[in-house]
Amino acid sequence: AARVTTQYPTVRLLEPLANLGFAGGCNLGMRAPGHYDLVALVNNDATVRPDWLAPLVATVTSADGVGAACAKMLFADRFLGIDFAVATPTPTPTPTRQSQGTPVPRVQVTAVRIDGSRADSRLAFDEGFFATPPNGVDPDDEIVYSSPAGGSLRIAVVPGDPLPTTVELRLAAARPEAVTITSGAESRVVQLGSEPVWVAVALGGEPFDVINNTGSNLYRGGFGGDRGFLERDHGQYDAPAEVFAWCGGAVLLRRDYLDAVGMFDERLFLYYEDTDLSWRGRLHGWRYLYEPRSVVRHRHAASSQVGSDVFRFHTERNRLLVLAKNAPARIALRAGLGEARRWAQAMSSAWLWSPLRLRMPERSYSGHRARVFAGYLHLLPAMLLARWRMHPRVRRRTLTVWEVSK
């Protein structure tokens with residue numbers, strides 16, 4: 001803020017002197033007195049190309065009824081990649097609930113060296129892997145990323161430094177597995193077992209970009225998510241498209257759209273607030289366009305750590321609240337009842353079955369489920385009231401045509 005004040009005196013700086021969250025912070029700017037036709041939102045951990053704005057202006061003003069134009073968001077870094085494939089992949093369960101059982105780790109990465117040095121901050125795993133904290137049983141475990149079906153590890157390229165040439169991986173598996181490791185044009189098969197082994201991989205190929213967001217999808221079950229997330233950029237999203245929703249990380253909004261639909265719901269604080277505003281607009285007949293000529297690079301999760309308690313609470317609670325406000329009744333009800341079931345299972349497991357088995361109650365997961373469910377119930381009446389007052393022009397169930405499978 002001090003730098004903006006001194007170096008950019010033409011910029012109007014608004015300081016709330018409180019953490020209003022993403023929703024409240026953006027609303028502070030959009031509600032500021034003065035006339036404007038368009039408003040651009042850019043995350044504080046994003047950088048834009050000099051020519052990023054003009055294509056968005058042309059797109060959002062190209063037709064009536066277009067409420068927003070969103071940019072092509074790439075991860076800030078470029079990468080070199082290593083792909084893992086097991087001989088006979090099995091379906092990938094959702095590895096998020098310890099009470100539901102952890103998938104068998106058919107590939108497990110527990111330490112990485114890049115040209116002989118540890119640099120965990122340069123590692124990025126795709127959604128084929130899930131992270132778990134080292135359990136302390138093996139003192140050589142530095143990180144633990146496991147996959148039940150295979151996936152990709154990406155090594156961030158440091159601008160100005162020579163490209164890394166060799167990666168050493170400490171690998172293991174729960175049972176004997178034949179795993180194919182590919183980098184560039186070279187592949188090799190490695191036999192893995194429960195005893196960790198170090199495997200050296202020669203990095204090949206040219207650095208590539210990875211997609212963060214090209215508009216947002218509505219996934220089955222009422223989940224909002226980034227279109228193209230973690231895909232290697234092969235130009236597959238280089239065509240303009242209409243999308244269900246826009247991402248608040250880099251978007252241009254029309255004032256007419258905001259006047260008609262409203263601004264961010266500050267009760268959500270952060271996460272899903274852009275999905276909520278997009279959904280409300282859809283119910284009033286607005287649509288959104290993705291413009292690939294506008295390119296933005298994003299340092300993903302620089303402000304909020306993915307997987308943290310703050311992240312998990314707000315994403316899980318807010319999804320339920322957004323569905324209660326906007327989704328067809330059957331989807332909203334199913335989601336709410338599903339959360340009630342998860343809460344009841346977590347409470348009974350921690351405070352009934354564990355004591356009966358003479359075990360200490362598991363507090364982390366049960367506490368998280370209690371916070372999410374309580375937060376949902378606390379704001380549910382307000383969401384239902386907002387739903388009743390909305391008077392949409394579009395039938396809610398017609399928007400389910402946008403649902404896609406992940």
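Per-chain numbering applies: the sequence of each chain, read as written, is numbered from 1 onward. A pLDDT threshold of at least 70 governs which residues receive local features in this predicted model, and a stricter bar of 80 or more applies before side-chain atom pairs are shown or counted, although totals over entire chains, interfaces and linings include all residues. By convention in this description, side-chain values take in all heavy atoms of the structure and omit both hydrogens and water.

**Brief notes about the overall build of the chain**
Thinking step 1. Put simply, DSSP marks the helices as runs of H or I at least four residues long and the strands as runs of E at least two long, and each gets a number from the N terminus on. When you go through the chain residue by residue, the secondary structure sums to eight helices and 20 strands.
Thinking step 2. For the chain, whose C-alpha radius of gyration is 23 Å, the value lies close to the compact-globule estimate of 22 Å for 406 residues.
Thinking step 3. If one aligns the C-alpha atoms of the chain with their principal axes, the spans along those axes are about 65 × 60 × 45 Å.
Thinking step 4. Contact criterion: two residues are considered in contact whenever any of their non-hydrogen atoms come within 4.5 Å of each other. Within the chain, contacts between residues at least 6 apart in sequence are counted, and of these 73% link residues at least 24 apart.
Thinking step 5. Carbon and sulfur atoms form 55% of the exposed surface of the chain, whose accessible area is close to 20,600 Å².
Thinking step 6. By the counting scheme adopted, Arg and Lys are positive, Glu and Asp are negative, and His together with the chain ends is not counted. Here the site of a charge means NZ on Lys, CZ on Arg, CG on Asp, or CD on Glu. Taken together, the 47 basic and 40 acidic charged side chains of the chain have centroids lying 9 Å from each other. The size measure is the radius of gyration over C-alpha atoms, and the globule rule it meets is 2.2 Å times the number of residues to the 0.38 power. Note on areas: Shrake-Rupley, 1.4 Å probe, and residue coverage restricted to the protein chains presented here.

**Re the confidence of the model for the chain**
Thinking step 1. Residue-level confidence of the predictor, termed pLDDT, takes values from 0 up to 100. Averaged over all residues, the pLDDT of the chain equals 91, while 94% of them reach at least 70.
Thinking step 2. For the stretch residues 92-101, pLDDT sits under 50, and the model shows 11 contacts to residues farther than four places along the chain or on other chains.

**Observations concerning the sheet that holds strand S9 (residues 150-157)**
Thinking step 1. Two strands make a pair as long as DSSP finds a minimum of two bridges between them. Reading across from one edge, S6-S9-S4-S11-S12 is the order of the five strands in this open sheet, with antiparallel pairing throughout. The open sheet is flanked by strand S6 (123-125) and strand S12 (186-192), the only strands paired with a single partner. Neighbour to neighbour, the strand axes of the sheet diverge by 25 degrees on average, direction disregarded.
Thinking step 2. Sheet topology places strand S11 (residues 177-183) next to S12; seven bridges connect them, and they run antiparallel. Of the residues in S12, the one forming a bridge with Glu177 is Leu192. Whenever a helix is involved, its axis is fitted only over the stretch in contact; in every case the axis is a line through C-alpha atoms, and angles between N-to-C directions fall within 0 to 180 degrees.

**Digging into the packing of helix H5 (residues 273-283) against helix H6 (residues 309-326)**
Thinking step 1. Direction vectors running N to C along H5 and H6 enclose 10 degrees, while the axes themselves pass 10 Å from each other. By the angle between their directions, the pair H5 and H6 is classed as roughly parallel. Taken together, the residues of H6 that come into contact with H5 (itself represented by Asp276, Trp279, Arg280 and Leu283) are Val322, Leu323, Lys325 and Asn326.
Thinking step 2. Its residues placed into classes, the contact of H5 with H6 shows four nonpolar, one polar and three charged. Oblique is the label for every angle not falling under 35 degrees (roughly parallel), over 145 degrees (roughly antiparallel), or within 65 to 115 degrees (roughly perpendicular). Throughout this entry, Asp, Glu, Lys and Arg are counted as charged residues, while Ala, Val, Leu, Ile, Met, Phe, Trp, Tyr, Cys and Pro are counted as nonpolar. The remaining residues, Gly among them, count as polar.

**Some details on the sheet that holds strand S8 (residues 145-147)**
Thinking step 1. Across the sheet, five strands lie side by side as S7-S8-S5-S10-S13; this open sheet has antiparallel pairing. Single-partner strands in this sheet number two, and they are strand S7 (130-131) and strand S13 (197-202).
Thinking step 2. Where S7 meets S8, two bridges bridge the pair, whose relative direction is antiparallel. Within S8, the residue paired with Ala131 across the bridge is Tyr145.

**Some remarks on the nonpolar core**
Thinking step 1. Ile82, Phe84, Leu169 and Ile181 are the most contacted members of the largest nonpolar core, which totals 26 residues.
Thinking step 2. When contributions to this core are tallied by element, the ones reaching two or more residues are strand S4 (78-86), strand S5 (107-114), S6, S9, strand S10 (166-172), S11, S12 and S13.
Thinking step 3. Among all residues touching Leu169, those that are not within four sequence positions of it are Ile82, Phe84, Ala111, Val112, Leu153, Val197, Trp198, Val199 and Val201. Throughout this description, the term nonpolar core refers to a set of buried Ala, Val, Leu, Ile, Met, Phe, Trp, Tyr and Cys residues connected via side-chain atoms within 4.5 Å. Three labels apply to residues, based on accessible area from a 1.4 Å probe with only protein chains included: buried if under 20% of the type maximum, exposed if over 50%, partly exposed otherwise in between.

**Some thoughts on the pairing of strand S15 (residues 216-219)**
Thinking step 1. A two-sided burial pattern is seen for S15, the buried positions comprising Ser216 and Leu218 on one face and Asn217 and Tyr219 on the other.
Thinking step 2. The pairing of S15 with strand S16 (residues 223-226) spans four bridges and is antiparallel. Bridge pairing in S16 links Tyr219 to Phe223.
Thinking step 3. Linking S15 back to S16 in an antiparallel pair, the connection comprises three residues, with Gly221 at a positive phi of about 95 degrees.
Thinking step 4. In this structure, S15 lies alongside strand S20 (residues 403-404), joined through two bridges in parallel fashion. Along S20, the bridge assignment pairs Leu218 with Glu403.

**Some thoughts on the pairing of S9**
Two faces, one strand: in a regular strand the side chains alternate between the faces of the sheet.
Thinking step 1. Summarising burial for S9: eight of the eight residues are buried, a large majority.
Thinking step 2. Taking every second residue as pointing to the same face, both faces of S9 are buried, with Gly150, Ser152, Arg154 and Ala156 on one and Gly151, Leu153, Ile155 and Val157 on the other.
Thinking step 3. Pairing between S4 and S9: eight bridges, direction antiparallel. Its bridge partner being in S9, Ala85 is matched across the sheet by Gly150.
Thinking step 4. Relative to S9, S6 runs antiparallel, the two being bridged by three bridges. Among the inter-strand pairings, Leu123 is bridged to a residue of S9, identified as Ile155.

**Description of the environment of Ala178**
Thinking step 1. Topologically, Ala178 is positioned in strand S11.
Thinking step 2. Overall, the relative accessible area of 24% leaves Ala178 in the partly exposed class.
Thinking step 3. The sequence separation of Ala178 and Ala329 amounts to 151 residues, and the corresponding C-alpha distance is 47 Å.
Thinking step 4. Excluding residues within four positions of it along the chain, Ala178 makes contact with Ala85, Val86, Ala87, Val189, Val190 and Gln191.

**Digging into the packing of aromatic side chains**
Thinking step 1. Pairing of aromatic rings covers Phe, Tyr and Trp, the last counted by its six-membered ring, and requires centre-to-centre distances within 6.5 Å; plane angles under 30 degrees mean stacked, over 60 mean edge-to-face, and any other angle means tilted. Scanning all chains against the criterion turns up 12 aromatic pairs.
Thinking step 2. Cluster of aromatic residues (ring-pair linked, three or more members): Phe84, Phe125, Phe129 and Tyr145.
Thinking step 3. Lysine and arginine charges are scored as sitting over a ring when NZ or CZ, respectively, is within 6 Å of the ring centre and within 35 degrees of the ring normal. Its end group placed over the ring of Phe208, Arg232 keeps NZ or CZ at 3.7 Å from the ring centre.
Thinking step 4. Residue placement shows Arg255 over the ring face of Tyr36; its charged tip is 4.3 Å from the ring centre.

**Describing H5**
Two residues of an α-helix separated by three or four positions point the same way, owing to the 3.6 residues in each turn.
Thinking step 1. Most of H5 is tucked away: 11 of the 11 residues are buried.
Thinking step 2. Turning to H5, its buried residues number three or more, namely Glu273, Asp274, Thr275, Asp276, Leu277, Ser278, Trp279, Arg280, Gly281, Arg282 and Leu283.
Thinking step 3. Positive backbone phi, at 95 degrees, marks Gly285, one or two positions downstream of H5.

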